[in-house]
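Results of the structural survey
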Amino acid sequence: MTIFTENPHAGSFLLAIDDEGNLSRDSAVIASGAGVLYPGAVLGKITASGKYTLRDASASDGSQTAAAILYDRVDATSADAAAVIVARHAEVRGSALIWKASDTTAQKTAGLASLASAMIIAR
């Protein structure tokens, strides 16, 4: 028997967004080296470049602070990648968010608090 695993679909983590998506979403650049990221990935913004990457609680380049959530799959393995992010005013499914594998419960809680300051609320 073959078992298939389906990756998250674009926006599948969203419960509600403000203004039909016009206010909540932004264009962004995912930094080269971030790898393949899926919808619901919690992103941090690198201060020096303004690019995003998977939030890394142990970093000190700005990406340690949760700043947005990736809307759709991107591949930034070997080059920067254009992306759509949810940056503000959204209600999201907390169980559908994707964190760095090494994040602890406390680090995830801190990340959710950072997102809440941008009015991205996890349920």
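Residues numbered from 1 in each chain as written. Predicted model: local features only at pLDDT ≥ 70, side-chain atom pairs only at ≥ 80, totals over all residues. Heavy atoms only, no water.

The next point concerns the overall build of the protein. The helix and strand inventory of the protein stands at 1 helix and 10 strands. Shown N-terminal to C-terminal, the secondary structure of the protein runs as helices and strands in the order β-β-β-β-β-β-β-β-β-α-β. In terms of principal-axis extent, the alpha carbons of the protein reach across some 50 × 35 × 30 Å. Counting only contacts in the protein whose residues sit at least 6 apart along the sequence, the fraction spanning at least 24 positions is 68%. Accessible area for the protein stands at about 6700 Å²; split by element, carbon and sulfur atoms hold 51% of it. (Helix = DSSP H or I, 4+ residues; strand = E, 2+ residues; numbered from the N terminus. Contact = heavy atoms within 4.5 Å. Areas by Shrake-Rupley, 256 points an atom, 1.4 Å probe, with all protein chains shown as cover.)

This paragraph deals with the pattern of salt bridges. Side chains that differ in charge, positive against negative, can pair when their charged atoms come close. One pass over the structure, following the stated rule, counts 5 salt bridges. Taking the shortest distance from any N to any O, the salt bridge between Asp-26 and Arg-88 comes out at 2.5 Å. Highlighted residues: Asp-26 in strand S2 (residues 25–30) and Arg-88 in the loop between strand S8 (81–86) and strand S9 (90–92), separated in sequence by 62 residues. In this structure Arg-88 comes out as partly exposed when scored by relative accessible area, which is 26%. (Salt bridge = Lys/Arg side-chain N within 4 Å of Asp/Glu carboxyl O. Buried < 20%, exposed > 50% of the residue type's maximum accessible area, 1.4 Å probe, protein only.)

Counted according to the given criterion, the structure contains 0 aromatic pairs. In this structure, Arg-25 packs its charged tip against the face of Tyr-71, placed 4.4 Å from the ring centre. (Phe/Tyr/Trp six-rings, centres within 6.5 Å; stacked < 30°, edge-to-face > 60°. Lys NZ or Arg CZ within 6 Å of the ring centre and 35° of its normal.)

What follows is about unusual backbone geometry. Working note: non-glycine residues mostly have negative phi, and peptide bonds are mostly trans. One non-glycine residue with positive phi stands out, namely His-89, at about 50°. Of the residues examined, His-89 reaches a relative accessible area of 34% and is grouped as partly exposed.

Moving on, we get to the pairing of S8. Relative to S8, S2 runs antiparallel, the two sharing 6 bridges. The partner of Val-29 across the bridge, within S8, is Ala-82. In terms of strand pairing, strand S6 (residues 66–70) meets S8 through 2 bridges, oriented antiparallel. Residue pairing across strands places Ile-69 opposite Val-86, the latter belonging to S8. (Pairing = 2+ DSSP bridges.)

We now examine the environment of Tyr-52. By the element assignment, Tyr-52 lies in strand S5 (residues 52–54). Each C-alpha atom, one on Tyr-52 and one on Ile-69, is 9.9 Å from the other, the two residues being 17 residues apart in sequence. Discounting residues that sit within four places of it in the chain, Tyr-52 has contacts with Ala-28, Val-29, Ile-30, Ala-31, Leu-43, Gly-44, Lys-45, Ala-67, Ala-68 and Ile-85.

This part is about helix H1 (residues 105–117). In this model H1 runs 19 Å from its N-terminal to its C-terminal C-alpha over 13 residues, within 8% of the 18 Å that 1.5 Å per residue would give. Where H1 terminates, the next one or two residues include Met-119, which has phi positive at roughly 65°. (Expected span 1.5 Å × (residues − 1).)

Time to look at the side chain of Thr-53. Mapped onto the elements of the fold, Thr-53 is located in strand S5. The residues touching Thr-53, leaving out its near neighbours within four places in the chain, are Ala-34, Val-42, Leu-43, Gly-44, Ile-46 and Ser-63.

This brings us to the pairing of strand S4 (residues 42–45). Bridge count between S4 and S6: 3 bridges; the pairing is antiparallel. From the neighbouring strand, Val-42 faces S6, where its bridge partner is Ile-69. Relative to S5, S4 runs antiparallel, the two being bridged by 3 bridges. Bridging across to S5, Lys-45 finds its partner in Tyr-52. With antiparallel pairing between neighbouring strands as the criterion, S4 and S5 make up a hairpin whose turn holds 6 residues, including Gly-50 at a positive phi of roughly 80°.

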